[in-house]
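# Observations on the model geometry
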Amino acid sequence: MSAPENKKLIEDALAEWVRGDRTAFNNLLADDLRWTVIGNSPVSGRYNSKREFLEGAGARMRDKLATPIQTTPRHVIADGNMVALVFDGNTTGKNGTAYHQTYCWVVRLEGGKIREGTAYLDTELITKLFS
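Here's what I pulled together on the structure shown here.

With that settled, consider the sheet that holds strand β1 (residues 29-37). Taken in spatial order, the six strands of this open sheet run β2-β1-β6-β5-β4-β3, and their pairing is mixed. For this open sheet the edge positions go to β2 (45-47) and β3 (70-79), each flanked by a neighbour on one side alone. Across the sheet, the mean angle separating the axes of adjacent strands is 15° when strand polarity is ignored. Strand contacts of helix α1 (residues 3-18): β3, β4 (82-92), β5 (98-110) and β6 (113-120), with the helix running at about 175° to β3, the strand carrying the most contacts. Across the sheet, helix α3 (residues 50-64) lies against β1, β2 and β5, angled at about 50° from β1, the strand it touches most.

This is the structure in structure tokens:
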């Protein structure tokens, strides 16, 4: 797929997420996904499948949040099969922590699926949700 096609896939899925439905984005994740969350937070590390990522980082974060993350896109930039998406996420942790995060996810698409991704974010903020 071309860079504009890859960008549109991500933009469309992100638009659904903004409306409160993350399903479209999750459906872009390949079953054999390789995802890395940078840093040393409780969800940092390497995930070697879609299931591992969603049940690992995804579920652990959901367990700590009072409400779903409200997503606000900033930028989607595509170059070939690589797409960078920058967005803000806001909610509150169940422990009262204000969660105002800025994310930069860099993903590699192949055949309309995200095969690989790296999440760059404030890991100290995530750690506060777990304390």
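Formed by 32 residues in total, the largest nonpolar core has its most connected members in Ile10, Trp35, Leu85, Tyr99, Trp105 and Ile114. With five residues, the single largest contributor to this core is β5. Among residues more than four places away in sequence, those in contact with Ile114 are Ile10, Phe25, Leu28, Leu29, Ala30, Leu33, Trp35, Val107, Arg108 and Leu109.

This part covers the pairing of β1. In this sheet, β6 lies alongside β1 in parallel orientation, the contact comprising five bridges. Across the sheet, the residue bridging to Leu29 is Ile114, located in β6.

Rules of the game
Residue numbers run consecutively from 1 along every chain, following the written order of its sequence. Per-residue local features of the predicted model are confined to residues with pLDDT of at least 70, and side-chain atom pairs are confined, for both listing and counting, to 80 or more; whole-chain, interface and lining totals are unaffected and use all residues. Hydrogen atoms and water are omitted, and side-chain values are computed over all heavy atoms in the structure. Two strands make a pair as long as DSSP finds a minimum of two bridges between them. Secondary structure follows DSSP: runs of H or I at least 4 residues long count as helices, runs of E at least 2 residues long count as strands, and numbering of each begins at the N terminus. Axis angles are defined between N-to-C directions and span 0 to 180 degrees, where every axis is a line fitted to C-alpha atoms and, for a helix, only to the segment in contact. Any two residues whose heavy atoms approach within 4.5 Å at even a single point are treated as in contact. We call a set of buried residues a nonpolar core when its members are Ala, Val, Leu, Ile, Met, Phe, Trp, Tyr or Cys and they connect through side-chain atoms within 4.5 Å of each other. Three exposure classes are used, based on accessible area relative to the maximum for each residue type with a 1.4 Å probe and protein chains only: buried under 20%, partly exposed in between, and exposed over 50%.

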